[in-house]
Amino acid sequence: MGEIVEFTSEYGRRGDRIHHRCQPLHLDWLSGFNPRVPLLNVSTSRERRELVLAAANVLLFYYYDGDREKILPVLGHKSHINMIGCDGSGRFVVSSDTSYSINVWDRGSMPADDAQPPLAIRTIFEPFKGTDINAVTMNHEGKFLLAGGGADQCSQLKIWSWTVGNDFPDDTIALPARLGRIKTLRFCVDRGRRNQFVVTMESCVVFGAWDAKEQKLSIQVPKRHGFQDYNDSVFVEGTDRAVSVTGAGMAIVWSDDRKAPPDGSGGTLLRKEFLKYLHLKYASINVVRSCDEKIVTGDDDGEIRFYDNSMKILYWFKQEDLEPIRTLSFELSETRQRKKMAQKQEVELPIEEIAPKDVSFDAKPVIVRGFVSATKSGKIYDIDIVYNKIQELFLPSPSIITAVDVHPIRSELCTCDGNGRMVVYDLQTKTPTSTLDVPIQRTRRGRITTLAYSPCGYVSCLTNVGTFLAGGAENGYLWMIEPSVMILSANSPLQFSNEKLRMIMFSSDSKHLVCVEELNNIAVLQREKENWKTMGRCASHKVVDFTFLNAAEFVSIGEDRNMVQYSIAGSEQTQLAPLAIVKRRRIEQSALPTAMLLLSVDQLLVANDQLKFKLFHAKTFEILHTFLGPFHDGPARCLRLLPGDNFFLFITNNNIYLHQLPIDGNPFKYLAVRGHPKRLKWMQHTGGPERYAVSYGEGDHAIALWKINTSPVLDNLKHAGTGLDPFCALLPGGKSGCYVREMLSLFFYNQISPKNSDGDAELTLRDAMETKDVPNYMKSIGFHMSQYEEQNLFKEMELLGTGCLTFEEVVKLFLNHRTSNSPSNENIRMAVTYLGATVESGAKATGLSSLRSSTCTQVDLLKLRELLTTIGEPIDDKTVEFYYQVLFPAAQSMDDKNENDVGTERDCEEQQKPQLIGIDEFAEKLG
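Quantities reported herein were computed from a predicted structural model and do not represent experimental measurements.

Tallying secondary structure elements over the protein chain gives 13 helices and 64 strands in all. Going through the 927 residues of the protein chain one by one, you find that 51% of them count as buried. Long-range pairs, those at least 24 residues apart, make up 51% of the contacts in the protein chain with a sequence separation of at least 6. Of the accessible surface of the protein chain, which amounts to about 43,200 Å², a share of 50% is contributed by carbon and sulfur atoms.

So, about the side chain of aspartate 170. Looking at the secondary structure, you find aspartate 170 in the loop between β12 (154–160) and β13 (171–174). We note that aspartate 170 is buried and unpaired, the nearest opposite charge coming from arginine 122 at a distance of 8.3 Å. Here the side chain of aspartate 170 touches serine 161 through a polar contact of 2.6 Å, side chain to side chain. Those residues in contact with aspartate 170 that sit more than four places away from it in its chain are Ile159, Trp160, Ser161, Trp210 and Gln215.

This next bit is on the sheet that holds strand β3 (residues 49–55). Pairing is antiparallel across the open sheet formed by 4 strands, whose spatial order is β2-β3-β4-β5. Both edges of this open sheet fall to β2 (40–41) and β5 (69–75), since each of them pairs with a single strand only.

Another point: the nonpolar core. Judged by nonpolar contacts, the single largest core of 48 residues is most densely connected at Leu25, Leu53, Leu60 and Ile380. Ignoring sequence-local partners within four residues, the contact set of leucine 53 consists of Phe33, Leu39, Val58, Leu59, Leu60, Tyr62, Ile84, Ile380 and Phe394. Core analysis: the next-biggest nonpolar cluster, separate from the first, contains 32 residues, Phe144, Val199, Trp210 and Leu217 among them.

To continue, consider the sheet that holds strand β31 (residues 389–393). Sheet architecture is open: 4 strands sit in the order β26-β29-β30-β31, paired in antiparallel fashion. Two strands close off the open sheet at either side, each with one partner strand: β26 (325–330) and β31. Going from strand to strand, the sheet's axes swing by 25 degrees on average, the running direction of each strand aside. Pairing geometry for strand β29 (residues 371–375) and strand β30 (residues 380–384), over 4 bridges, is antiparallel. Bridged to alanine 374 within β30 is isoleucine 380.

In the predicted model, the protein chain carries a mean pLDDT of 84, and 86% of its residues have values of at least 70. Of the regions scoring below 50 in pLDDT, residues 262–267 engages in 6 contacts with residues more than four places distant in sequence or in other chains. In the predicted structure, residues 338–345 sits below a pLDDT of 50 and forms 19 contacts with residues beyond four places in sequence or in another chain.

Here we come to the pattern of salt bridges. Counted under the stated rule, the structure contains 41 salt bridges. In this structure, the salt-bridge partner of arginine 48 is glutamate 50, at a minimum N-O distance of 3.1 Å. Judged by its relative accessible area of 11%, glutamate 50 falls in the buried class. Two residues, arginine 186 and aspartate 232, come together in a salt bridge whose shortest N-O distance is 3.3 Å. Of this pair, arginine 186 sits in strand β14 (residues 182–187) while aspartate 232 sits in strand β18 (residues 230–235), and the two are 46 residues apart along the sequence. Taking the relative accessible area as the measure of exposure, arginine 186 reaches 24% and is therefore partly exposed. For aspartate 232, a relative accessible area of 2% puts it in the buried group.

Our focus in this paragraph is the packing of helix α9 (residues 861–868) against helix α10 (residues 877–887). Where α9 contacts α10, the axes come no closer than 10 Å and their chain directions differ by 150 degrees. Considering their axes alone, α9 and α10 lie roughly antiparallel with respect to each other. When the axes of α9 and α10 are compared, the crossing they make is right-handed. Residues Leu861, Arg865 and Leu868 of α9 lie in contact with α10, whose contacting residues are Val880, Glu881 and Tyr884. A per-class count over the contact of α9 with α10 returns 4 nonpolar, no polar and 2 charged.

The subject of this paragraph is the packing of aromatic side chains. Counted by the stated rule, this structure contains 32 aromatic pairs. Geometrically, the ring pair formed by tyrosine 657 and tyrosine 670 is edge-to-face, given 5.8 Å between the ring centres and 70 degrees between the ring planes. With a gap of 13 residues between them, tyrosine 657 in strand β55 (residues 655–660) and tyrosine 670 in strand β56 (residues 670–674) connect regions that are remote in the sequence. Grouping residues by exposure puts tyrosine 657 and tyrosine 670 together as buried. Through pairs of rings, three or more aromatic residues link up here, namely Phe207, Phe227, Phe235, Trp254, Phe274 and Tyr277. Looking at lysine 583, its charged tip hangs above the ring of phenylalanine 621, at a distance of 5.1 Å from the centre.

Right, let's get into a nonpolar patch on the surface. There is a patch of nonpolar side chains on the surface, built from Leu835, Leu868, Ile871 and Ile875 and spanning about 260 Å² of accessible area. Look at leucine 868 and you get partly exposed, because its relative accessible area is 31%.

In this structure, asparagine 34 sits in the loop between β1 (25–30) and β2. At 3.1 Å, the side chain of asparagine 34 forms a polar contact with the backbone nitrogen of arginine 36. Each residue touching asparagine 34, except ones within four places of it in the same chain, is listed here: Ala54, Ala55 and His701.

Once that is clear, we can look at unusual backbone geometry. The general pattern is negative phi for most residues beyond glycine and trans for most peptide bonds. For the bond from serine 492 to proline 493, the omega torsion is 0 degrees, close enough to zero to count as cis. Following the sequence through the fold, proline 493 ends up in the loop between β39 (487–488) and β40 (494–495). Of note, the bond from leucine 661 into proline 662 is cis; its omega dihedral lies within 30 degrees of zero at -5 degrees. With respect to the helices and strands, the residue proline 662 is situated in the loop between β55 and β56.

Another aspect to go through is the environment of arginine 326. Note that arginine 326 resides in strand β26. Judged by its relative accessible area of 28%, arginine 326 is partly exposed. Along the chain, arginine 326 and glycine 302 lie 24 residues apart, while their C-alpha atoms are 9.2 Å from each other. Among residues more than four places away in sequence, those in contact with arginine 326 are Asn286, Val287, Asp300, Ala374, Thr375 and Lys376. Reaching out from arginine 326, the side chain makes a polar contact with the side chain of aspartate 300 at a distance of 3.1 Å.

This part covers helix α4 (residues 738–752). Three or four residues apart is the spacing at which side chains of an α-helix point the same way, because the helix has 3.6 residues per turn. For α4, with 15 residues, the first-to-last C-alpha span of 21 Å sits near the 21 Å given by 1.5 Å per residue. When α4 is considered as a whole, its buried residues turn out to be Val740, Met743, Phe747, Asn750 and Gln751. Down the axis of α4, the buried set is contained in an arc of 105 degrees. They therefore lie on one face. Elements that come into contact with the buried residues of α4 comprise α3 (725–728), β60 (769–770), α5 (774–780), β61 (804–805) and α7 (807–817).

The two faces of β13 differ: Asp171 and Ile173 on one face are buried, but Thr172 and Ala174 on the other face are not. Sheet analysis places β12 next to β13, joined by 4 bridges and oriented antiparallel. Looking at β13, one finds that isoleucine 159 is bridged to aspartate 171.

The rules behind these values
- Throughout, a residue's number is its position along its own chain's written sequence, starting from 1.
- With the structure being a predicted model, the display of local features is reserved for residues of pLDDT at least 70 and the display and counting of side-chain atom pairs for 80 or more, all residues being used for whole-chain, interface and lining totals.
- Side-chain descriptors were evaluated using all non-hydrogen atoms of the structure, hydrogens and water having been removed beforehand.
- The secondary structure listing takes helices from DSSP runs of H or I that are at least 4 residues long and strands from runs of E that are at least 2 residues long, numbered from the N terminus.
- Partly exposed describes any residue whose relative accessible area lies between the buried limit of under 20% and the exposed limit of over 50%, with all areas from a 1.4 Å probe on protein chains only and scaled to the type maximum.
- Any two residues whose heavy atoms approach within 4.5 Å at even a single point are treated as in contact.
- Here the accessible surface of atoms and residues is derived via Shrake-Rupley with a 1.4 Å probe, and residues count as covered only by protein chains that are part of the display.
- Positive charges come from Lys and Arg, negative ones from Asp and Glu, while His and the chain ends are left out of the count.
- In the sections that follow, a salt bridge refers to a side-chain nitrogen of Lys or Arg positioned within 4 Å of a carboxyl oxygen of Asp or Glu.
- Two N or O atoms count as a polar contact when they lie within 3.5 Å, although within protein this holds only if one can serve as hydrogen donor and the other as acceptor, and sequence-adjacent residues are included solely when both atoms are side-chain atoms.
- Pairing between two strands requires that DSSP report at least two bridges joining them.
- For our purposes a nonpolar core is just a set of buried Ala, Val, Leu, Ile, Met, Phe, Trp, Tyr and Cys residues, chained together by side-chain atoms within 4.5 Å.
- Only the contacting stretch of a helix is used when fitting its axis, a line to C-alpha atoms as for every element, and angles between N-to-C directions run 0 to 180 degrees.
- The predictor attaches a confidence to each residue, and that confidence, scored 0 to 100, is pLDDT.
- Roughly parallel means an angle under 35 degrees; roughly antiparallel, over 145; roughly perpendicular, 65 to 115; everything else is oblique.
- Handedness of each helix crossing follows the sense of rotation of the near helix against the far helix: counterclockwise by less than a right angle gives left-handed, clockwise gives right-handed.
- Under this grouping Gly is polar, as are all residues other than the nonpolar Ala, Val, Leu, Ile, Met, Phe, Trp, Tyr, Cys and Pro and the charged Asp, Glu, Lys and Arg.
- Centre distance within 6.5 Å is the pairing criterion for rings of Phe, Tyr and Trp, where only the six-membered ring of Trp is used; planes under 30 degrees apart are then read as stacked, over 60 as edge-to-face, and the remainder as tilted.
- Criterion for a charge above a ring: Lys NZ or Arg CZ within 6 Å of the ring centre, and within 35 degrees of the ring normal.
- What makes a patch is a set of residues exposed beyond 30% relative accessible area and free of salt bridges, joined within 9 Å when like-charged and within 5 Å when nonpolar (Val, Leu, Ile, Met, Phe, Trp, Tyr).
- How far a helix is expected to stretch is found by multiplying one less than its residue total by 1.5 Å.
- Directions from the helix axis toward the C-beta atoms define the arc.

Here it is as structure tokens:
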């Protein structure tokens, strides 16, 4: 065997953080954590605090030694992390997300001094086959991994010997459906009983054991005693008891119904029976722990209580803020035997004399190791009751983030949460610098949902950059803040509407502020000395995004598929309206625009929900080009141009993309990282010297800071090939596949077709096609465009300045213009219903054998044929007849039969009856 060498990273001794070569964005920092996920204290000494926390799908390893703190974010999950656990030594940390995977992290793989994140050494994918993972834990030795989850009607427990590397669990056992959802799992830490565990469920507590020899799980459900809403359970160290706590303030004590075997073997399951219950509080008890021969509880009153193993009260204390306790996590070190020097004497005092005394008659000292508590509002406290020390750690995460904006020049950002608390962070030191509590009215929809820094001051100089900060609220309030000192301006809040302010933006000279309201109204405010006053309002459309063209003109796109240009009148233009609509133009036929970006003085980039990028002229709104966008994760939003580089950023539902300019539809010009497990809400790049991107998602208590790295995109494009090579990757089989060969054959066949031939003249084949033949060619290879799309195609081809296109140019047009996804059955059903070609349930059919039931919605084929030839972009009768014969031969044969019958009055009535087909079957035929 070879020698075992400890793994060290190539960059392990460097102090800076190095990007991974394949990541366009690297997660560098988070401003908070998710307080709904219990944190984990893996500290082994009082001199160094080590915590593990969760934020969305990110695991945070937090270190604090009294002088400085480090936060190491690690991406390793696809969905939200919901549970964290560890072994008895704290080296192996296990984390699980809601449904996708369980990861085991080795904290000993990297030296802590180098600030390198731990490695994921084991991953179990979809342990419950797509259903939820409710809880996960690891036994004291770190050999076995226990997880609980599954559907609500059939919860399961699964156990793995994860160090062996088995992909399948060693055993699985089902839990009774009546017990509800699994909340927590705990292993016993006592020697000889470390194979036993307790499962806390909504309506019951289940005890179990793992027999390693027989490779079998066994469980036991104690007799029910009418208790509900269990929150947590724990084995009492050094005894045969277990304690459970409930939301009604009850503590239920369980005990063995017989003594343990003399040899201490724990091979068989010892049955637990109800012993007693105690009503400890009128508030909910959320967490219970057993440590240093004491039972510790935390409740909704913010009180932490200490009991002995017989549940006799020993000591309690309350924190100043009285917030509900959600987590209690003790150090991994044993009970301390330290001594403390008296301040004025040189005599060493025993720890028993320093520790507080309990409330018993003996007044014994309460000696317990340090622990960390976390509250419902996201505050973390490091507590040492022996020396009466309480210290707040990390950054509080009190409420969900509702609005964020980045300073245009400095490395600074401002966040606002649901409680109206604004925090300004210095992104270089990654610390908060100032805060402001805005007196919002939470009961009257007063949350601030949008923030905006001004791009420059009233005087155009660099020192005034970012001198204004505005916040728009749900109730129409507009809060003006002085960001340098974080105080409200004298006239705040302003209110010119009762509707929600969805978006706000300053003009380039910071003289005007545009506010977009919920109900299709746009307002412009003007600065007059120290006050902001409403200048004008106008009714427009449901704005999706907008941007300034210059200091006095801005453009918006809306859900009505129009692009609208507005003009702000200056002080010298008294005869004009303060805010006027200059131009309105329809830019989409069926797609909905989702975002826009001003690329240059005369180019506007617009993204839509059909996964396209469209380039428009900023003055005339004429279409210039259409390009295919990323088609893996929804439409592009929040388009942001990186200064000084030919790159721009955007987000989709879950991913953050870095795209190189110019856009041409090349799929190798962009790369992405997973930015959020649920849905990204906002993203912006920073204005400092270092290139960062800031984002947050739905339900987040923190913002994420990503370091931008353009090298992977350039390397990706370098190896993609030239010409059609990167584009053919979008086609089945690639460049050498049969699809491309068929396209090439049809390209040349078009030149020898009868419509292009001139009698007996000699035909000459060339690698070019006239632009007038491109739409028909695209139909022959599977893309049937509407008349509106065909007009846009001709406009784009005119800009090429040539009457003929090569095969390469035609293929690029085809890939950029074709629909990225085929219409689904639901889209077809909606379209037919919108046309009015459906009839209600209960109508009689005309004998079509394909009609399954008369109780569902049906399509009238005769009416549909009439509508297709008369409304919208009408289709000629021959084309409709052709498709009618191909798709519905039974209906066509019935028409032929009616035409051959004698024209009696009854036959005429039969011919006038509708020909009905089930809408589901209709959608399947067209799908």
